[in-house]
Amino acid sequence: MSRADTGGRAAGAGSAPGAVRAPSPLWALGLLRSELLTTFRRWRTLALLGVLAAVPVLVGIAVKIETGDGPSGGGGGAGGPAFISQVTNNGLFLVFTALAATLPFFLPMAIGVVAGDAIAGEAGAGTLRYLLVAPAGRTRLLLVKYAAVVAFCLVATLVVAVSALTVGALLFPLGDLTTLSGTRIGFAEGLGRALLIALVVAASLVGVAALGLFVSTLTGSGVAAMATTVGLLITVQILDQIPQLDALQPYFFSHYWLSFADLMREPVHWDGLVRNLGLQALYAAVFGSAAWARFTAKDITA
């Protein structure tokens, strides 16, 4: 109801007698602020963030129980197992472990739910027509929706990272840490790399956000859009594990997700990271354009 009221007020402000004026940038920022507040006040969004925050807690407690007070040794390799082997030596590694644990399923699932509901949820609730009455236009509204989903990508990733850092500091020692290459770096540098890894993980989800937004423009049911998006996420990740499809797998959006582990090498290996970010930009461009083409030509009946 509040979204409808907002749209009505905006329409009233922009429909004065005389000429129709284009919305100002400040008005667009106000629309984005309204969308962000609406997104992060939903109980579903808060529940998703709560689940994401709980994953590092469960992982940290499990590692603590499994290893007791004695540190585990060694690392090597990439991805979650190498990080897990270092958690008891340095709690900062719980950040990397939690991100590696949540990236394949929990984080993209949460993004898929929010993105899938972005347009279809408004249509199902009957508020989409009120939003389109406002002087934003369909293109600007779609951009605001996508910006809100990308903001959720960042917030969700930071929730995992902050929760993991807090649990890691409470359960395990902190200090200088050993990279996956065997070299030592200071705690401040390690914390900086943890922040950079969180940003890379958030950027790794922008392709999923665009895919979900496109699916959301295809239906008027938020539940159907969310289920379809999550189903596509699961299907693509299953296909990414089938050896016979190795020629296609470099083009799957999830293929380079765990390349963020290369930021914990000395020197940093950039090849996988660049491929990942480039692939996400390609998915964002393709499915963002498809969402725009569909949404701008769609008959809005709700």
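Everything in this summary refers to the structure shown in the same document. (Residues numbered from 1 in each chain as written. Predicted model: local features only at pLDDT ≥ 70, side-chain atom pairs only at ≥ 80, totals over all residues. Heavy atoms only, no water.)

Structural notes on the environment of leucine 29
We apply this condition: Numbering of helices and strands runs from the N terminus; a helix is a DSSP stretch of H or I covering at least four residues, while a strand is a stretch of E covering at least two. Only protein chains enter the area calculation, which uses a 1.4 Å probe; residues under 20% of their type maximum are buried, those over 50% are exposed, and those in between are partly exposed.
Tracing the chain through its elements places leucine 29 in helix 2 (residues 25-41). For leucine 29, a relative accessible area of 52% translates into the label exposed. Along the backbone, leucine 29 and valine 144 are 115 residues apart, and their C-alpha atoms lie at a distance of 8.8 Å.

Quick word on the nonpolar core
Operational definition: Here, nonpolar core refers to any group of buried Ala, Val, Leu, Ile, Met, Phe, Trp, Tyr and Cys residues whose side-chain atoms link them within 4.5 Å.
Counting residues in each nonpolar core, the largest one holds 73 residues, and the members touching the most others are Phe96 and Phe260. Every element with two or more residues in this core is listed here: helix 3 (43-67), helix 5 (93-102), helix 6 (106-125), helix 8 (137-171), helix 9 (187-203), helix 10 (206-216), helix 11 (222-239) and helix 12 (271-297). No other element matches the 11 residues that helix 8 contributes to this core.

Overview of the packing of aromatic side chains
Counted only if it meets this: Here is the rule: rings of Phe, Tyr and Trp (six-membered ring for Trp) pair when centre to centre is within 6.5 Å. Planes less than 30 degrees apart are stacked, more than 60 are edge-to-face, and the remainder are tilted.
By the definition in use, this model includes 7 aromatic pairs. Ring centres of phenylalanine 105 and phenylalanine 106 lie 5.5 Å apart, and the angle between their planes is 75°; on these two criteria the pair is classed as edge-to-face. Classification of phenylalanine 106 as partly exposed rests on a relative accessible area of 30%. Summarising the aromatic geometry, the rings of phenylalanine 214 and phenylalanine 287 are spaced 5.9 Å apart at their centres and angled 50° between planes, so their arrangement reads as tilted. Within this pair, whereas phenylalanine 214 is found in helix 10, its partner phenylalanine 287 is found in helix 12, the two being separated by 73 residues in sequence.

Some thoughts on the packing of helix 3 against helix 8
Put simply, the test is: An axis is simply a line fitted to the C-alpha atoms; with a helix, the fit covers only the stretch in contact. Between two such axes, the angle follows the N-to-C directions and lies from 0 to 180 degrees. If an angle is under 35 degrees, it is roughly parallel; if it is over 145, roughly antiparallel; if it lies from 65 to 115, roughly perpendicular; otherwise it is oblique. If you view the pair so one helix is near and one far, a crossing is left-handed when the near helix is turned anticlockwise from the far one by less than a right angle, and right-handed when it is turned clockwise. Contacts are residue-level and defined by heavy atoms, with any inter-residue pair within 4.5 Å sufficient. Put simply, Ala, Val, Leu, Ile, Met, Phe, Trp, Tyr, Cys and Pro go in the nonpolar bin, Asp, Glu, Lys and Arg in the charged bin, and everything else, Gly too, in the polar bin.
In contact at an axis separation of 9 Å, helix 3 and helix 8 are set at 30° when each is read in the N-to-C sense. Compared by their axis directions, helix 3 and helix 8 come out roughly parallel. When the axes of helix 3 and helix 8 are compared, the crossing they make is right-handed. Two secondary-structure elements touch here, helix 3 through Thr45, Leu48, Leu49, Leu52, Ala53, Pro56, Val57, Gly60, Ile61 and Lys64 and helix 8 through Phe152, Val155, Ala156, Val159, Val160, Ser163, Ala164, Val167 and Leu171. In terms of residue class, the contact of helix 3 with helix 8 is built from 15 nonpolar, 3 polar and 1 charged.

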